[in-house]
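# Examining the three-dimensional arrangement
What follows is each chain in one-letter form.
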Amino acid sequence: MELAQVELRRVHLPLVAPFRTSFGTERDRDILLVKVTTDQGVSGWGECVAIAEPLYSAEYVSGAQEVIRDFLVPRLWGVRELTAPRVAPALAGVKGHRMAKAALEMAVLDAQLRATGEPLAEYLGAVRDAVPAGVSVGIAESVPALLDAVAGYLAEGYRRIKLKIEPGWVVAPVRAVRERFGDIPLQVDANAAFGLADAGLLRQLDAFDLLLIEQPLAEEDLREHAALARLLRTPICLDESITSAKAAADAIALGACRVVNIKPGRVGGLLEARRVHDVCAANGVPVWCGGMLETGLGRAANLALAALPNFALPGDVSASRRYWRRDITEPFVLEDGHMRVPGGPGLGVRLDEAWLGEITSSVQRLTPPA
Ligand code: SMG
Ligand code: MG
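Along each chain, the written sequence defines residue order, and numbers are assigned to residues from 1. As they are written, the chains are lettered A onward and the ligands numbered 1 onward, keeping that order. Local features in a predicted model are, by the rule used here, given only for residues with pLDDT of at least 70; side-chain atom pairs are given and counted only at 80 or more, and totals for whole chains, interfaces and linings are based on all residues. Hydrogens and waters are ignored; side-chain quantities use all the structure's heavy atoms.

To continue, consider the pattern of salt bridges. Salt bridge criterion: a side-chain nitrogen from Lys or Arg within 4 Å of a carboxyl oxygen from Asp or Glu. Scanning all chains against the criterion turns up 21 salt bridges. Note that aspartate 189 is salt-bridged to lysine 164, the shortest N-O span being 2.7 Å. Taken together, the residues aspartate 189 in strand S7 (residues 186–189) and lysine 164 in strand S6 (residues 160–164) connect sequence positions 25 residues apart. Accessibility classification places aspartate 189 together with lysine 164 in one group, the buried group. Each of Arg160, Lys162, Lys164, Asp189, Glu214 and Asp316 takes part in salt bridges that share partners, so that together they form one network. By the criteria applied, helices consist of DSSP H or I runs no shorter than four residues and strands consist of E runs no shorter than two, each listed in order from the N terminus. Burial classes: relative accessible area under 20% of the type maximum marks a residue as buried, over 50% as exposed, and values in between as partly exposed (1.4 Å probe, protein chains only).

Below is the structure:
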């Protein structure tokens, strides 16, 4: 196949509730969707996980759109027999911008698999058709408000709770959740909000038998994470720091983490995400699937990935209703604490075109140079 058209569509979706992390509060999502159409008339969709501002990582949604339009798509025009594995090599001259690259690769992969009728999960090497669901709980107004939120999610059946933490919101929320809900699978995520000097504070979390502490220190702080790991009993899991399979191999070799969070967008695409999975598996390091407040499109891809064998812990793959009043695909629901892996060709989901039309703020269509 060859690319015949690329459509860049921005949609605006309010979250059902604000989501507060150490770097800011997300109230809604300004999402970039990528639709590719091939010369055979097959379409595929990708979702860019970059948020509106460069606060989680350096990328942000408008920047991603500009990079895709001006630097990435021009490198794909005219690539003969374009398949997903050819996308990253064709884009390799452009430094960084992994979320932008991942969105484009996802759309090409969806089109490729729709053309052959193969489900994404099967293509990636999935070994299960449903995955246990965890949920990420934002920083709350108060401990009682947090306990209410956690109680609601546990009642829905979530198999693991992740609490966002930041300076000033560390031990009290974790202690309160443990005291109220007992021995539930529990972990925390700092989004790089601490320094090595906070080791004493973070060490207090050792008393609560957490599954892991996610990204306590800055993205670049691999050496410091290794030093912190030597001071904590709680396993360190890296998120922001793991930008590639090589970064994962380095982090593991340094002793910077014992668990890895995999997000396809953060590492430049689903195929690199699978390589991260493989490197971790080869080193005996369990992984789990992270989330970036995706729509049903990104969720479908995450679920296919999370069905690979070394995804040993529940991911941040939650039901549509945890995010949206109305998703842009058929809603994903929790079934006995699990999310079903889509089984249809490609991503295996259908877009709700009418709803998409209502929430679209702009559409850019790109075609090959004459
Ligand atoms: O998709 O359920 C989700 C959110 C999971 O906590 C979550 N993601 O650092 O892991 C993380 C954060 C990043 C969110 S940025 C919008
Ligand atoms: Mg994280």
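All right, on to the sheet that holds strand S3 (residues 43–48) then. Following DSSP output, two strands are said to pair if at least two bridges run between them. If you trace the four strands from one edge of the open sheet to the other, you get S3-S2-S1-S13, paired in antiparallel fashion. The open sheet has two edge strands, S3 and strand S13 (360–366), and neither has a second partner. Neighbour to neighbour, the strand axes of the sheet diverge by 20° on average, direction disregarded. Summarising the sheet, strand S2 (residues 24–38) and S3 pair through six bridges and their orientation is antiparallel. Its bridge partner lying in S3, leucine 33 is registered against glutamate 47. When checking whether two residues touch, look at their non-hydrogen atoms; a contact exists if any pair is within 4.5 Å. Axis lines are fitted to C-alpha atoms, over the contacting stretch for helices. Their N-to-C directions set the angle, which ranges from 0 to 180 degrees. Against the sheet, helix H1 (residues 61–76) contacts strand S1 (3–21), S2, S3 and S13, and its axis sits at roughly 160° relative to S1.

Within the secondary structure, aspartate 110 sits in helix H3 (residues 98–116). The class of aspartate 110 is buried, set by a relative accessible area of 2%.

All right, on to the domain arrangement of the chain then. Start and end positions for the domains come from either an automated domain assignment or a database one. Here the chain is partitioned into domain 1 (3–116 + 350–366) and domain 2 (121–340). Taken over C-alpha atoms, the centre of domain 1 sits 23 Å from the centre of domain 2. Across the contact, 37 residues belong to domain 1 and 41 residues belong to domain 2. Both sides together, the interface formed by domain 1 and domain 2 hides about 3,400 Å², and carbon and sulfur atoms give 64% of it. The interface formed by domain 1 and domain 2 holds two salt bridges in total. Here a polar contact is recorded for every N or O atom pair within 3.5 Å, except that within protein the pair must consist of a potential hydrogen donor and a potential acceptor, and residues adjacent in sequence are included only if both atoms are side-chain atoms. Linking domain 1 with domain 2 are 18 residue pairs in polar contact (both at pLDDT 80 or more). Mapped by element, the contributors of at least two residues to the side of domain 1 that touches domain 2 are S1, S2, S3, helix H2 (84–91), H3 and helix H12 (353–359). Buried area is understood as the total, over both parts, of accessible area removed when two parts are fitted together, assessed with a 1.4 Å probe.

To form a nonpolar core, buried Ala, Val, Leu, Ile, Met, Phe, Trp, Tyr and Cys residues must be joined to one another through side-chain atoms within 4.5 Å. Grouped together as the largest cluster of nonpolar side chains are 98 residues, with contacts concentrated most on Leu120, Leu163 and Leu205. The leading source of residues in this core is helix H11 (residues 296–306), at seven residues. Apart from residues lying up to four places away in sequence, leucine 120 is in contact with Leu109, Leu113, Leu270, Ala301, Ala304, Gly344, Gly346 and Leu347. In this structure, Val6, Cys48, Val61 and Trp77 belong to the second largest nonpolar core, which totals 34 residues.

Take the sheet that holds S7 next. With parallel pairing, seven strands are arranged side by side in an open sheet as S5-S6-S7-S8-S9-S10-S11. Lying at the two open borders of the sheet, with one neighbouring strand each, are strand S5 (134–137) and strand S11 (287–289).

Once that is clear, we can look at the packing of H1 against H3. Contact geometry of H1 with H3 gives a least axis separation of 10 Å together with a crossing angle of 55°. As judged from the angle between their axes, H1 and H3 are oblique. By crossing handedness, the relation of H1 to H3 is classed as right-handed. For the pair formed by H1 and H3, the contact residues are Ala64, Val67, Ile68, Leu72, Val73 and Leu76 on the first element and Ala100, Lys101 and Leu104 on the second. Residues are grouped as follows: nonpolar covers Ala, Val, Leu, Ile, Met, Phe, Trp, Tyr, Cys and Pro; charged covers Asp, Glu, Lys and Arg; every other residue, Gly included, is treated as polar. Its residues assigned to classes, the contact of H1 with H3 shows eight nonpolar, no polar and one charged. Working definition: roughly parallel below 35 degrees, roughly antiparallel above 145 degrees, roughly perpendicular at 65 to 115 degrees, and oblique for all remaining angles. For any pair of crossing helices, the crossing counts as left-handed if the nearer helix is rotated counterclockwise from the farther one by less than a right angle, and right-handed if it is rotated clockwise.

The description of an aromatic ring pair uses the distance of the two centres, along with the angle that the planes make with each other. We call Phe, Tyr and Trp rings a pair once their centres come within 6.5 Å, taking the six-membered ring for Trp, and we label the pair stacked below 30 degrees between planes, edge-to-face above 60, and tilted otherwise. Here the structure, examined in full by the defined rule, presents three aromatic pairs. Between tyrosine 153 and tyrosine 158, the aromatic rings sit 5.7 Å apart at their centres with planes inclined by 85°, giving edge-to-face as the arrangement. Summarising the burial analysis for this pair, tyrosine 153 and tyrosine 158 share the class buried. A centroid spacing of 6.1 Å and a plane angle of 35° characterise the contact between tyrosine 323 and tryptophan 324, whose relative ring orientation is tilted. Under the relative-accessibility criterion, tyrosine 323 is labelled buried at 4%. Judged by relative accessible area, which is 3%, tryptophan 324 ranks as buried. Here, a charge over a ring means that NZ of Lys or CZ of Arg falls within 6 Å of the ring centre while also lying within 35 degrees of the ring normal. Across from the ring centre of tryptophan 288, 5.3 Å away, lies the NZ or CZ of arginine 160, which sits over that ring. Above the face of the phenylalanine 19 ring, arginine 322 is positioned so that its terminal group lies 5.0 Å from the ring centre.

Think of it this way: one heavy atom of a residue within 4 Å of a molecule or strand is enough to make that residue near it. Close contacts around ligand 1 come from 18 residues, with Ser136, Lys162, Asn191, Leu293 and Tyr323 the closest. Contacts to ligand 1 include lysine 162, whose side-chain N or O atom sits 3.0 Å from an oxygen atom. The contact in question runs from an oxygen atom of ligand 1 to an N or O atom on the side chain of aspartate 239, over 3.1 Å. Where accessible areas are quoted, they stem from the Shrake-Rupley method and a 1.4 Å probe; at the residue level, only the protein chains shown are allowed to cover. The fraction of the free accessible surface of ligand 1 (440 Å²) that becomes covered by protein chains is 100%. Each residue belonging to the shell around ligand 1 can be placed in one class, and the counts come to seven nonpolar, three polar and eight charged. Inspection of the shell around ligand 1 shows a minimum of three residues originating in each of domain 1 (3–116 + 350–366) and domain 2 (121–340).

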